[in-house]
Every structure is written in C-alpha cells, then in structure tokens.
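The lines below spell out each chain.
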Amino acid sequence: MVDDNRDICELIENILLAEGYNVESCCNPLEFGKIIEGNKPKLIITDMLMSGVDGRTLTKEVKGNPETEGIKIMMMSAHPDAVKISENVGVDDFLSKPFEIDDLVKKVEKLLK
Amino acid sequence: MQENFPLSISGLKGDVLENLLNHIPFGFSLMTGDYLVESVNDFWLQIVQKTREEVVGKNLFEVFPETKEQLSPIFENIKTTGKQFYAPEYSIKMIRNGILQDVFFNFVYHPIYDEDGNFQYFATVVIEITDLIGVKSKIKEAEERLRLATESTQTATWDLNLKTFEVVHSPYLAEIFGYDKDEKILHATMREHLVEEDRKNVVEKAFEKALKTGIYQYESRLIDKKGAEKWIATQGKVFFDESGNPYRMLGVMRDITEKKNNEILLQQSHHQLNTAMDATKLGRFDMDPETLEKFNFSPRFLEIFGYDVNTETIDSKIFEKHIHHKFIPIRLEALKKAKETGDLYYQTKIVLRDKTVKWIEIYGRLMPSPDGRKSYISGTIRDITEHKDFEKNISESEKKYRFLADSMPQIVWIGEPDGTLTYVNKETLDYSGKNYNDFIAENGWTEIVHPDEQEENIRLWMRSVKTKKPFFFEHRFRNKENEYRWFMSRAYPELDENGNVKKWVGTSTDIDDMKKQEKQKNDFIKMANHELKTPVTTIKGYVQLLKKMRGESDDKFLVNSLNTIEKQVNKLTALIGDLLDISRIESGKLPLNKKEFSLLELVTETIEDIKAAEQSHQINFELKHTSDIEVFADKERITQVLNNLLTNAIKYSPQSDKVNVEMYVDGESAVVSVQDFGIGMEHDELTKIFERFYRVSGDDEETYPGFGIGLFIVQDILERHDGKIWVESKKNVGSKFYFALPLYKD
C-alpha cells in the first residue's frame, strides 16, 4: 500500500487485515523501491498524486521491470479524470476516493485470484 | 300565295268575265293545247311586257322562244296528268327590254276541260314576284350579314314577345349563359341567372324604362350555368303596336366580362400608381417639350414648393421663381438636353418663399400622346433634402468614428463581407508592432494568432462570414515582445435591407489577466477537491470498518450513530463533487464517458439506492413502455442527474411521504419524470432554478440545504447529451421534473 497520507495507509491496512490479507504500508513513496526488493508483493495499491512521486511513474517502473512486471497494480485517486489517465499507464484496476470498503475488498479479491 | 281559283268559269257571263279578268291584279292567260294564246289580260301583258297584238293568236313559244325548254315539259305533264302545276317563286329566263333576266313568278297552270271532260285550255295565273324575291333575298342577305356581324363581334341576338315572354335567341346567347349552343333558354331562366343585386337594381329598372321609352339598355352580372361570373351588356328596341302597346322587343347581348375586368384592373392600377406616387412622395407635372411650359401640377408638387394645395395655384414659371441662383446654369443645360432627347434630369436647390432651402431631383420622360396630339414630357419631382444632408453627415460621422476607434484601448477592426480586413485601429498596430499594410495584406492578421488557435480561428471566422452570424472566439495574439496574450474577439455583421453583409465590425478585448485568474481558480478548485476528499476517504473508511466490526452490536446508539455518520460523509462527498463539477462546466471541461446502457436498469437501481439511504419517502416507479429503453450516455452522469432530482424531490417535500417516478418513450427520446408533492414553485421561478447558484426558498425564508448548483449541473449534463430538462410546478402542490435523452439507435 503506497500513499503519502499516513491515515489512509493505516485505514487500508486495517481493512485488508480484517479480511485476512497480508499488508505492508509505505507512506514514503521514495522508499518504495527498497520495500519491494525485500518482499515482492502480489498487489500494489498506490495513490496517484503524491508529493514527489507520481503513481503513474511508479506503475511504469514496476511494469517495465521484468522482475516486477507480474505484480498487479491498483491505482487510487480523488482526481476525477484519474480513470482515463491510469488506463493509459497499464494499471490493472482503479479505485476512486472516497470508496466503499466493500468495493475495495472485491477488487483486491479479484486481482489476487 | 295560294290562289283559290274557281275550277269552272263557264258559269260566268263572257263580258263580265272579260271585265273581271282585266281588273284582277294578276296575269291571266288562256292557251290551247297547241300553245296558241287565246286570250290574255292586261296584267299578263304587263308582266311579259308585250302587246296584245304580239301575243294573241300566236304560238306562245314563238313569242317567248327562250321559255320553251322550261315550260313545254310542264305543259305536257299537265295535259297528261290533268293536275295543275303550282310553281311559287318560279324563275323564267325572259328577255325584258333586250336583256335576258331571271324573272320570278308565282305560277298556277291549270287545265280547263269542257263539259265532256276534254282538254280545252291551259289557264295560267301569274303574278310576278321578282321584286318580292329581290326583297326576300335582300332580307336573306341582310340576315346573313347580321349573323356574321353578330358572330364576329360575339354578339348574341334575341327576340322577345312581350305578351307571352317567349324568346327566340341566337346560339351564342345560350353560350353566354353557359349552355350548349343548341339549347334554347326561356326568358325566365335568363332572369334567374342574373346576379340578384343587379337583377333588382339594374335590369328590372331598365326593363320598365324600355317599355316606356322604347330603348332597352343595361350592363349586369350573371352567374352562368357552370357557376362562372360574367358581365353582359344588353341593348334592345321595343316595338309598339297600333295602340301604342309594346308587343315585341328585339335586341343584342354581349359578353363584356373581359372588358369589365380590364376596366377594374385599370382602375386598380391607377389607384396603385397614385398610392405609389403618394408613398414615394413624388410630385408630378407635365411639360411641353418645345415651349418648356409646365402644367398639370400634382398636389405633392405644390407641397414641395411650399404652396397650400387647397388655396393656392402655381404657374409655369414656378421653377424660375424658386431656383437657387447657383443652379440656374445646370437647369438650363438639362432643359436643353430634354428638348433634344426627351429625357429630363437634374438636381437643384430651391429657395421657398419662407427662405428655407431644399434639394430637389427632377426626372422627365417624353411621352408619345395617345390620340395623335402632340407629345409631352411627363415629369416627377422628389424632395431629396434629407438625402443630401445625410450624405454630408455620413462623411462627418465617419471621421468621428475613426477618431473614436483610434482612441480606444481595444483592438478594433473592420472586415469586408468576404472576411478580408480593411481597417484596424491604432491600438492593433501598437500592440502587434506591425504596420497597417502588413496587417491588411493577404490575411496578415492570422500571423499574430497563436498556432494552437489559428486553425479553429480561421474556421470559425469563415463560418461566420458564410452564415452572416456574429463571431465569438477566445484566442491568443502575439504582441510586439513576442509574448502571447489571451483576447476575446467579437464581430458583428452590418446588414443592408436585403440581409446581405455590408461590413463586419469587430473588437478584441485583452482577457489575459482574467484568463490567468481563471486558471488559478480552477487549479485551486481541483486541488481543494483532492485535499477535501482525502480526509473524507479516511472518515468513510473507518466508519465502514466500525460498522463491519461492531455492526451486530446490541448498542443501538452505536449502530445508529455509525449509520448517521456514514450518511453525512456521503453527502459531503456529493457536495465536494458538485463543487468540482461546476468549475469544470464553466471551463467547458466536463468530460463525458458515453456508452450504451439500459435506462430502465439505471433508474431502478438508483431508486433502490436512494430508498436504502432515505426512508422518509415511498418512491413509486411506473414504466409506461412495453420493453427496455436503451440510451447512449455517460452512465455515471445520468445517475447523478436522477440522484439529484430524487434527492430534491425528497428534500423539497418534507410534509409528504411519496415521490412518483415514471419512464416512457416520446418519439425519438426516452423521458423520465420525477414528481413530488411538496412546496412547489411560482411560475417565474421555473426557469431561474436552472441558473447557477439559484436556490428556492420556502415560507418564513426557510432555506433548504445545498449549494444551489445541482440543477445547473444537471442541465449542463443533459444539454451535452442533446437531451432536455423541464419542469411543471404549482406552489404548495408540488413539482414534476422531466428529463429526456435521445434513444439509443443501432
């Protein structure tokens, strides 16, 4: 889970933990690379607009790297046009903020099948 | 003429007979079977123009050899058949006064038998009727001439018996009345065809007059058998008997429909001409082309020269009296020309008696006189004072206009109907750093337009030029420091009476600062939207988590509180969304993601969602269509529309407990209506509610929550879908909102 907003990171962590998933949060996007190396996740949920790092760039990096291209990516954003924008980058799903936690859970389930 | 001839004359005494025979007014002769003339009377001699000595005792055919061929077979026949020969209008060629003529007789040749039945004599009774024949043939000729005359002049004839009212008429009369030419019409029928008004006022009166004076004359309308209206002219003469009573009337009748119509048309065109003359305020006059004398001045003529039509008159010297001295030579020149060519034209100033000065224009044409009298010049005069002043004013006002345009800090330009620029003001040149010629030459203005806007600029400008509709466009112009600034350009066409463009007048206003501010505002709103949504996401997330984890709790208060918080969070989200939308609508950037979907499904789902959130009202849905209704639209936005209408319906009817939703198809559109039974609206509010920021208020200035931008957004969404939204409402009764979307077509 990548978001520069700590509260949101924690929220999503809590939601997914309650569903029985293993979640690791990254509230500093710059450290993202390190965390990935350590423990390759099956799904990355990332915010689109973060200070310093753009979720799209992150997506491109992950998908562009042969080692990590298999990882599923879900983009999150409050931005209204974000759906279109993220489609172009190659994300696997999109979640608009604010969201229904049922929606989040369903999407995560689907992506991790 | 039938003669009753006594078959036996033997009963009469000889000399009595002789006497008788000599005094009867017809020729009588007795001839033997061998054609020897026994006895003739004087009359007979007169007819044949012979003397007694020449004839009596002689063979008839010796005296009249030329008659042998014709007469001998007749006599022989009489001898054999014993029947008399009656030949009326019998012609015999005879020599009279040395000339062989056709002489016409009424003959009776009668065989006379003696007591024993033997043939004794031929008795002949003759009367010459050459004159009568002549008269008869003259009558025939006259009749024929009359017939020809009446046929060629399309004149019908009639002969009316004034006692019995039987009428004999020519075939053409039947045709006038619309019947076949062989049909015979009764006098009463003819009367019936006359137009009622004319029959009473014209014809019957003329008839009465005719019986007294002998002359019958009238013009009247009739409706013929086929229903056509015609005009006829009738003339007749009454014949009186010896006692002075009218017994017969003879007359003619003509179809004068065309003539009458022409008369009416002529009158009308005269009237029109006069009206036209009045309307153009032309004065009229006539002029003798040789002596240059003027006469026949129309009232308008006097008016132009400042004379009172009712009390004053003018004479031929009118021009000399009033012409402005500077124009005397011009006038003389024009008059000279008029003498030569027959055309008169000049403009001049005249000075009226009260010293006012006017401009007039004179036109004159040589008219050939219709009846051979000498030709004259028909002239018109027009007061062109205003016109002349106007011309002067125009050039003055043009100067003022240029001055104004140059002192304005706006860019001002003028274009031709085809779109090329012919004028830019000083500010334009100062701003762009270009010179006038560069600008005007070959669409030089496009050069300073930012490349991103150039194409659209030219396209829209050409479209305006073609459609003659005003031009609006926001674009960037490069200034002399090579920086681009935003301008709002507007151009309006100046049209002439026929609707063609005389010229384009355009201005461009510097809106760069405004544009920058707007961008800042929009950027701010986008950011605010993002910033606001972040905490909202967190709140919502945790509330939902809590509900999940503690939702089954016995603590009712907890559960209800959580539900309340979630509802409010959703409302907050919606409000934030509206805020963002409105800024995007204004900058024209509201994106639509259209696809085909079932409107029915969307409506039912949305209603379900609302029902779950708001339990205060019962939402009834009725589908008035037999099948599914599909549209091609942005599903989320249409959901937004329906949500907005439903929440409004609930919001604005707090005292009611139901909302009705209907869906149907109207022509090419799908229509959904949402009806509430709440506070309703006044008639004048109905259009205002779609305005941005407008909010309806209830009694006691109670206000209802919301930014007042919902309907503004809804209208924009529908317009962008080529749909419509409208409302019916009555104060304190309720409102019914309708929206329509085009049906999806394969």
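Residues numbered from 1 in each chain as written. Chains lettered and ligands numbered in written order. Predicted model: local features only at pLDDT ≥ 70, side-chain atom pairs only at ≥ 80, totals over all residues.

Engineer: Is there a simple way to think about the overall build of chain A in this case?
Structural biologist: Of the regular secondary structure elements, chain A holds 5 helices and 3 strands. Across the 113 residues in chain A, those meeting the buried criterion constitute 31%. Of all intrachain contacts in chain A linking residues separated by at least 6 positions in sequence, the fraction that spans at least 24 positions is 51%. (Helix = DSSP H or I, 4+ residues; strand = E, 2+ residues; numbered from the N terminus. Buried ≥ 20, exposed ≤ 12 C-beta atoms within 10 Å, placed from the backbone. Contact = placed C-beta atoms within 7 Å.)

Engineer: Explain the pairing of strand β10 (residues 246-255) of chain B to me, please; I cannot follow it from the model alone.
Structural biologist: Consecutive side chains of a regular strand alternate in pointing toward one face of the sheet and then the other. Residues and elements named next belong to chain B. Bridge count between strand β6 (residues 155-161) and β10: 7 bridges; the pairing is antiparallel. Following the sheet pairing, Thr-157 is matched in β10 by Val-252. Pairing geometry for strand β9 (residues 229-240) and β10, over 9 bridges, is antiparallel. Residue Phe-240 lies in a different strand from β10, and its bridge partner there is Pro-246. The antiparallel hairpin formed by β9 and β10 contains 5 residues in its connecting segment, where Gly-244 sits at a positive phi of about 85°. (Pairing = 2+ DSSP bridges.)

Engineer: Help me understand the interface of chain B and chain A in this model?
Structural biologist: Bring the parts together and some accessible area is lost; that lost area is often taken as the interface size. The interface is formed by 16 residues belonging to chain B together with 17 residues belonging to chain A. Of all the secondary-structure elements, those providing two or more residues to the side of chain B that touches chain A are α18 (512-550) and α19 (556-586) of chain B. Within the side of chain B that touches chain A, the residues separate by chemical class into 5 nonpolar, 8 polar and 3 charged. (Nonpolar A, V, L, I, M, F, W, Y, C, P; charged D, E, K, R; others polar.)

Engineer: Is there a simple way to explain the packing of α19(B) against helix α23 (residues 710-720) of chain B in this structure?
Structural biologist: Working note: a packed helix pair is described by the angle between its axes plus the distance between those axes. Residues and elements named next belong to chain B. Between α19 and α23, the least distance of the axes is 10 Å, while the angle of their chain directions is 50°. If you check the angle between α19 and α23, you find them oblique. Relative to α23, the crossing made by α19 is left-handed. Every residue of α23 that contacts α19 at Asp-578, Asp-581, Ile-582 and Ile-585 is listed here: Gly-710, Phe-712, Ile-713 and Asp-716. Each residue belonging to the contact of α19 with α23 can be placed in one class, and the counts come to 4 nonpolar, 1 polar and 3 charged. (Axes fitted to C-alpha atoms, helices over the stretch in contact; angles between N-to-C directions. Parallel < 35°, antiparallel > 145°, perpendicular 65-115°, else oblique. Left-handed = near helix turned anticlockwise from the far one by under 90°.)

Engineer: Please clarify how the confidence of the model for chain A should be interpreted in this entry.
Structural biologist: Detailed reading of the predicted model is not advised wherever pLDDT is low. Per-residue pLDDT for chain A averages 84, and the proportion of residues at 70 or more is 99%. Across chain A, element-level confidence peaks in helix α5 (residues 101-111) of chain A with a mean pLDDT of 90 and bottoms out in helix α4 (residues 82-89) of chain A with 76. (pLDDT = per-residue confidence, 0-100.)

Engineer: Is there a simple way to explain helix α17 (residues 451-467) of chain B in this structure?
Structural biologist: Each full turn of the α-helix corresponds to 3.6 residues, which orients residues three or four apart in the same direction. All names here are of chain B. Across its 17 residues, α17 extends 25 Å between first and last C-alpha, which sits within 8% of the 24 Å expected from 1.5 Å per residue. Residues of α17 that are buried: Asn-457, Trp-461, Ser-464 and Val-465. Its buried side turned inward, α17 meets β18 (471-478) and β19 (484-495). With its phi angle positive at about 60°, Lys-468 sits one or two positions after the end of α17. (Expected span 1.5 Å × (residues − 1).)

Engineer: Help me understand the sheet that holds strand β2 (residues 72-77) of chain A, please; the structure alone is not making it clear to me.
Structural biologist: The strands that make up a sheet are held in pairs by hydrogen bonds between backbone atoms, and each pair lies either parallel or antiparallel. Residue and element names in this part refer to chain A. Taken together, the 3 strands give an open sheet; going across it, the order is β1-β2-β3, and neighbouring strands pair in parallel fashion. The sheet is open, and its two edges are formed by β1 (43-47) and β3 (93-96), each paired on a single side. Averaged over all pairs of adjacent strands, the angle between strand axes in this sheet comes to 20°, irrespective of strand direction. Taken together, the 4 bridges between β2 and β3 define a ladder with parallel strand orientation. Each bridged residue has a counterpart across the sheet, and for Met-74 the counterpart in β3 is Asp-93. On top of the sheet, α5 reaches β1, β2 and β3; it is set at about 170° to β3, its chief contact.

Engineer: Before we go on, may I ask you to explain the nonpolar core in this structure?
Structural biologist: Nonpolar side chains in soluble globular proteins generally cluster together in the buried interior. All names here are of chain B. The biggest cluster of nonpolar side chains holds 35 residues, and the ones touching the most others in it are Val-641 and Leu-646. Elements supplying a minimum of two residues to this core: α20 (599-613), β23 (630-634), α21 (635-651), β24 (658-666), β25 (669-676), α23 and β27 (734-742). Per-element accounting of this core gives the leading share, 7 residues, to α21. Look past the residues within four positions of Leu-646 in its chain and what remains in contact with it is Ile-610, Val-659 and Val-674. (Core = buried A, V, L, I, M, F, W, Y, C linked by C-beta atoms within 7 Å.)

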